[in-house]
Amino acid sequence: MALLRASGLSKTYGQGRLRVEALREVSLSVGVGEAVALMGPSGCGKSTLLNLLGLTLPVTSGELLVRGEPAPTRERDRARLRNEFFGYLHQEFAIVESDTVAANVTIPLEYTRPRIGRRQRLERARRAVESVGLGWALRRRAAELSGGERQRVAIARALVNEPHLVIADEPTAALDLATAREIVTLLLSMRQRGASILVATHDPRVAERCDRVVAMSDGGLAAERTNPHAATGNHGST
Ligand SMILES: Nc1ncnc2c1ncn2[C@@H]1O[C@H](COP(=O)(O)OP(=O)(O)OP(=O)(O)O)[C@@H](O)[C@H]1O
Ligand SMILES: [Mg+2]
């Protein structure tokens, strides 16, 4: 069973003369432990697709299955799934600058049901922060870190709830080459714990390290290829 399966997804923004058909009938599956790269020109709908698949935007039409079950429509259920199932990584990091690294990374754990106690939240944050090599920065404020370090904080936050699927929207766009490489290595290493990764990117170096590359154009899927040389995780079906 696919971890995520979308069939005929469409998304329209706005109404009347402001109407934009951002996605038309897109079908895509992500397997367990698989890394999929989404590529395509600016405006082709990559972020829109990530937002639909990650339940941060409602679909206009089409079907979305999460582990074989239709994605919920009630906001409460969607919020819960966002918290338990997904990890998110944004281009601009979305880190709270004035907070410490530890406080940033515990954010996803604050909404978990059943609740996780404060002590355990901090312990899990510490482990996540150490796993991205930033143990020394736990008590530092995010504003005092470099861009690459902040992005590693964002990765720690994306994995602290042990998500099944990490959704990353151009996670390396603001980084230099060496740092971008390191961030992608960290991101892809999440496959080892069974997580899948869906990443929108303009960078072919990022795409070639993923298991599968899906090319988008003008609101639809244009082409798809499998990378035989990508270091694969433990795959399930796709
Ligand atoms: N909130 C919105 N309201 C109206 N139109 C939108 C909205 N968000 C995106 N769009 C439009 O939908 C289309 C797809 O946008 P999207 O952000 O998904 O593209 P993208 O592939 O992620 O581009 P980029 O590579 O520049 O990030 C674009 O034409 C965009 O202008
Ligand atoms: Mg985008």
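Per chain, residues are indexed from 1 in the order of the written sequence. Chain labels run from A onward and ligand labels from 1 onward, assigned in the order the entries are written. Where totals are concerned, whole chains, interfaces and linings use all residues; where local detail is concerned, this predicted model gives features only for residues with pLDDT of at least 70, and gives and counts side-chain atom pairs only at 80 or more. Side-chain measures were taken over the full set of non-hydrogen atoms in the model, leaving aside hydrogen atoms and water.

Q: Just to check I follow, could you spell out unusual backbone geometry for this structure?
A: Among all residues save glycine, negative phi is the norm, and among peptide bonds the norm is trans. Backbone geometry at E25 places phi at a positive 50°, although glycine is not the residue there. Every helix listed is a DSSP run of H or I at least four residues long, and every strand listed is a run of E at least two residues long, numbered separately from the N terminus. Inspection of the secondary structure assignment puts E25 in strand β2 (residues 20-30). Unusually for a residue other than glycine, L55 sits at a positive phi of about 60°. Structurally, L55 is set in the loop between α1 (46-53) and β4 (61-66).

Q: In this structure, what is going on with helix α2 (residues 75-85)? I would like to understand it.
A: Structurally, the α-helix is built with 3.6 residues per turn, so residues lying three or four positions apart point the same way. Three labels apply to residues, based on accessible area from a 1.4 Å probe with only protein chains included: buried if under 20% of the type maximum, exposed if over 50%, partly exposed otherwise in between. Restricting attention to buried positions, one finds in α2 the residues R78, R82, N83 and F85. Summarising the contacts, the buried residues of α2 are in contact with β4, β6 (86-89) and β7 (165-169). When checking whether two residues touch, look at their non-hydrogen atoms; a contact exists if any pair is within 4.5 Å.

Q: Is there a simple way to explain the nonpolar core in this structure?
A: With 43 residues, the main nonpolar core has V105, I155, M190 and I197 as its most contacted residues. The set of elements that each furnish at least two residues to this core consists of β3 (35-39), α3 (101-106), α4 (118-131), α5 (147-159), β7, α6 (177-189), β8 (196-200) and α7 (204-207). Looking at this core element by element, the count peaks at six residues for α6. V26, V30, I167 and L198 belong to the second largest nonpolar core, which has 28 residues in total. Nine residue types can take part in a nonpolar core, namely buried Ala, Val, Leu, Ile, Met, Phe, Trp, Tyr and Cys, and a core is a set of them joined through side-chain atoms within 4.5 Å.

Q: Explanation requested: the site of ligand 1 in the structure shown.
A: In this text, near means that some heavy atom of the residue lies within 4 Å of the molecule or strand in question. S42, G43, K46, S47 and T48 are the nearest of the 13 residues found near ligand 1. Between ligand 1 and the protein, one listed contact pairs an oxygen atom with a backbone N or O atom of G45 at 3.0 Å. For ligand 1, whose accessible area on its own is 630 Å², the fraction buried by protein is 59%. Among the elements of the structure, β2 and α1 are those that each provide at least two residues to the shell around ligand 1. Looking at the shell around ligand 1, the element that brings in the most residues is α1, giving three residues. Of the residues contributing to the shell around ligand 1, the split by class is five nonpolar, six polar and two charged. Distance and chemistry together define a polar contact, namely a pair of N or O atoms within 3.5 Å, with one atom able to donate a hydrogen and the other to accept it when in protein, and with adjacent residues in sequence counting only for side-chain atoms on both sides. Method for areas: the Shrake-Rupley scheme with a 1.4 Å probe, in which residue coverage is limited to the protein chains shown. Under the convention adopted here, Pro, Cys and the residues Ala, Val, Leu, Ile, Met, Phe, Trp and Tyr are nonpolar, Asp, Glu, Lys and Arg are charged, and Gly plus all remaining residues are polar.

Q: I'm lost on the layout of surface pockets in this one. Help?
A: A probe matching the size of a water molecule, rolled over the atoms, marks out where space remains unfilled. Taken as a whole, the largest pocket spans an internal volume of roughly 310 Å³. Lining the largest pocket are 14 residues, and of these R82, N83, F86, Y88 and P108 sit closest to its centre. The set of elements that each furnish at least two residues to the lining of the largest pocket consists of α2, β6 and α5. Of the residues in the lining of the largest pocket, the class split is seven nonpolar, five polar and two charged. Here a cavity is any set of points on a 1 Å grid over the protein atoms alone where a 1.4 Å probe fits but cannot get out, and a pocket is any open set with protein on both sides within 12 Å along at least 5 of 7 lines; a residue lines the site when it has an atom within 4 Å of a point. Grid points are joined across faces, edges and corners, and a volume is the space filled by probe spheres set on the points.

None of this, on its own, says anything about what the molecule does.
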